[in-house]
Structures are given as structure tokens and as C-alpha cells.
Amino acid sequence: MKAIGTPVIVSADGASHLEQISLTQNELYDERWLQELIFKNPSLLPMDQIEPGLGELIPICMELPLRCGYLDNLFLTPDGDVVIVEVKLWRNPEMRRAVLAQALDYASALFSMSYEELDAAVRKADGANGRTMFEIADGPETLEEPEFIDALINRLKTGRIVVIVAGDGIRGELEKLVEQLQTHAGFRFTFALVELALFHADDDRWLVVPRTLAKTYRIERGVIR
């Protein structure tokens, strides 16, 4: 059984232990808090373990309205890659019960949308402030707008995106989740389970230790007989 030890800060004055934040018992740190933390700090996601070579994540929006509900976090890269993140805490029974199905529903909803439909949904979502996806993603490393749109359309059409479930703990249901995932056919995407352990450093600083608890599973298009 894997466990995260308590980090110790060592200085010339001695050593001090950091206090771990229990997200399941502390009402100050709820799912929305963790969702916003990830959105504002996408480097918390260990993308080098999940999808090596993917470009820097650009926060696009939170609470993206889809036909099946509201997706927690949408990220894009300068090359038009798509990363979606669903955040769940273990105190939420849904984490144990239906988080995988929910994440796959969100992915399927994205696959069925045109670029225009997704762009319109983004403009209505939290954090986008009415801007288009390209307006948010535009930067020195971003493709020119026509190439960016073509790349994103291709990702949606082929289902080549990254789906991440992130939470304060991923427990015994891991094998069952992966087994369910392996039976899912029809698109090609990368799926990962990420655990974020948080430790309180001082009033406005936290130490976050991310762990990828599932290997990257690339689900290929398949034919069900």
C-alpha cells in the first residue's frame, strides 16, 4: 500500500514538519477550492507522466456547460491539444460511485460538438469572460488561428484528448475503474487518475505533491463483435 510521508523542511535552524490538509474533513477546502487551485496552477498536473511532450497547459474555463452537465476544468495547449479535468474529493460519494462514467460522458459530449458549439459554450463558462478559445490561448507559442482551429477540430473529431480525474485520494476502486475504462471503445484518448496531497506551509502557501496513480491508458478505436 502506497502512502505519502509528511514533508520535512530542513534549515540551519533545524527541521520542521508540514501539516497535511485533510480535504475530506476541512470545510474550508472543498471541491471548488481544489478546482480553482488546479485551474490557476495547471503545472500541478503531472503531464510529463501522463502525456509526455504535450505543450504547456493554458487554462480556458471552468464549469463548461455540456449536454450532460458542467465540466470542471478545460485546458488547451498552444498546438490545439485538449485536456479535461474532473475534480472530486473522497468525502463526495460520487468519487467512489460514478466519477469514471461522468468523465467519459464529458469526453463524449466534447467529441459530438463542433468547434463553433464548443467555442460558444466556453464564452459562457467561468473564467473565460466572454472570450473565444483562441483569444484565451493566443500567445507567442500558439499556432496561427486557422491552424489552431484545424488542430482542435481534429482532436475533437478523432477523440484524441487527455481525460484526468483529480482528487485528494484515489483508493481501492482504482483497479475497478481501470477495468471499466479498458472496456470502453469508440475513441482514442488518454486517461489518468491523479492524487494531490496538500500540505500547509504558511498562511498563503501550500506544498502540493501530485501523484499519477494509474498508468496512461490510451483507449483505441475498436470494433465490438
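Our subject is the structure that appears above.
Residues numbered from 1 in each chain as written. Predicted model: local features only at pLDDT ≥ 70, side-chain atom pairs only at ≥ 80, totals over all residues. Heavy atoms only, no water.

Some remarks on the overall build of the protein
Selection rule: Labels follow the DSSP assignment, with helices taken as runs of H or I lasting at least four residues and strands as runs of E lasting at least two, numbered in each case from the N terminus. The rule is simple: take the accessible area with a 1.4 Å probe, protein chains only, and divide by the maximum for that residue type; under 20% is buried, over 50% is exposed, in between is partly exposed. The contact criterion used is simple: two residues touch if any of their non-hydrogen atoms lie within 4.5 Å. Note on areas: Shrake-Rupley, 1.4 Å probe, and residue coverage restricted to the protein chains presented here.
Within the protein, the regular secondary structure consists of eight helices and ten strands. Here the protein holds 225 residues, and 47% of them are scored as buried. Long-range contacts, defined as pairs at least 24 residues apart, comprise 65% of the intrachain contacts of the protein with a sequence gap of at least 6. For the protein, the accessible surface area stands at approximately 11800 Å², while carbon and sulfur atoms represent 48% of it.

Observations regarding helix 5 (residues 115-124)
Applied cut-off: This arc describes the spread of directions from the helix axis toward the C-beta atoms.
Within the span of helix 5, buried status applies to Y115, L118, D119, A121 and V122. For helix 5, the arc enclosing every buried residue in end-on projection is 160°, short of the 170-degree limit, so these residues lie on one face. Pointing more than 90 degrees away from the buried face of helix 5 are the exposed residues E116 and K124. Those residues of helix 5 that are buried are in contact with strand 4 (58-66), strand 5 (69-76), helix 4 (99-111), helix 6 (133-137) and helix 7 (145-158).

A word on the nonpolar core
Put simply, the rule reads: In plain words, nonpolar cores are sets of buried Ala, Val, Leu, Ile, Met, Phe, Trp, Tyr and Cys residues tied together by side-chain atoms within 4.5 Å.
Among the nonpolar cores identified, the biggest contains 39 residues, and I60, L64, I84 and V122 are the most heavily contacted of them. The dominant element in this core, judged by the number of residues it contributes, is helix 4, at nine residues. Beyond its immediate stretch of four places on either side in the chain, L64 contacts G69, Y70, L71, L74, L110, L118, A121, V122 and A125. I21, L34, L37 and V85 belong to the second largest nonpolar core, which has 26 residues in total.

Quick word on a negative patch on the surface
Cut-off, in case you're wondering: Nonpolar side chains (Val, Leu, Ile, Met, Phe, Trp, Tyr) within 5 Å and like charges within 9 Å form the patches, drawn only from residues with over 30% relative accessible area and no salt bridge. Whenever a carboxyl oxygen of Asp or Glu lies within 4 Å of a side-chain nitrogen of Lys or Arg, that contact is scored as a salt bridge. When charges are counted, neither His nor the chain ends are considered; positive counts come from Lys and Arg and negative counts from Asp and Glu. Every charge is mapped to an atom, namely NZ of Lys, CZ of Arg, CG of Asp or CD of Glu.
A contiguous patch of negative charge on the surface is contributed by E135, D138, E144, E145, E147 and D150. For the negative patch, the element with the most residues is helix 7, which contributes three residues. Mapping D138 onto the fold places it in the loop between helix 6 and helix 7.

Some remarks on the side chain of T77
Mapped onto the fold, T77 is located in the loop between strand 5 and strand 6 (82-88). The contacts of T77, once residues within four sequence positions are left out, are L54, G55, E56, L57, I58 and F148.

Some words on unusual backbone geometry
Phi is positive for E63, close to 55°, though the residue is something other than glycine. Examined against the element boundaries, E63 turns out to sit in strand 4. Residue class for E63 comes out partly exposed when judged on its relative accessible area of 23%. Positive phi values are uncommon outside glycine, yet N129 reaches one of about 55°. When you line up the elements, N129 lands in the loop between helix 5 and helix 6. Classification of N129 by relative accessible area gives exposed; the value is 67%.

Here we look at the pairing of strand 8 (residues 189-202)
Consecutive residues of a regular strand have side chains that alternate between opposite faces of the sheet. The condition that has to hold: A strand pair is defined by DSSP finding two or more bridges across the two strands.
Counting buried positions along strand 8 yields eleven of 14 residues, so the element is predominantly enclosed. Strand direction decides the pairing type here: strand 3 (residues 19-20) and strand 8, joined by two bridges, are antiparallel. By the bridge assignment, Q20 is partnered in strand 8 with F199. Alignment of strand 7 (residues 162-167) against strand 8, held across six bridges, turns out to be parallel. Within strand 8, the position partnered with I164 by the bridge is A192. Across eight bridges, the pairing between strand 8 and strand 9 (residues 205-212) is antiparallel. Paired with E195 across the strands is R211, a residue of strand 9.

Section: the environment of T190
With respect to the element layout, T190 can be found in strand 8. Through-space distance from the C-alpha of T190 to that of G159 is 9.5 Å; in sequence the pair is 31 residues apart.

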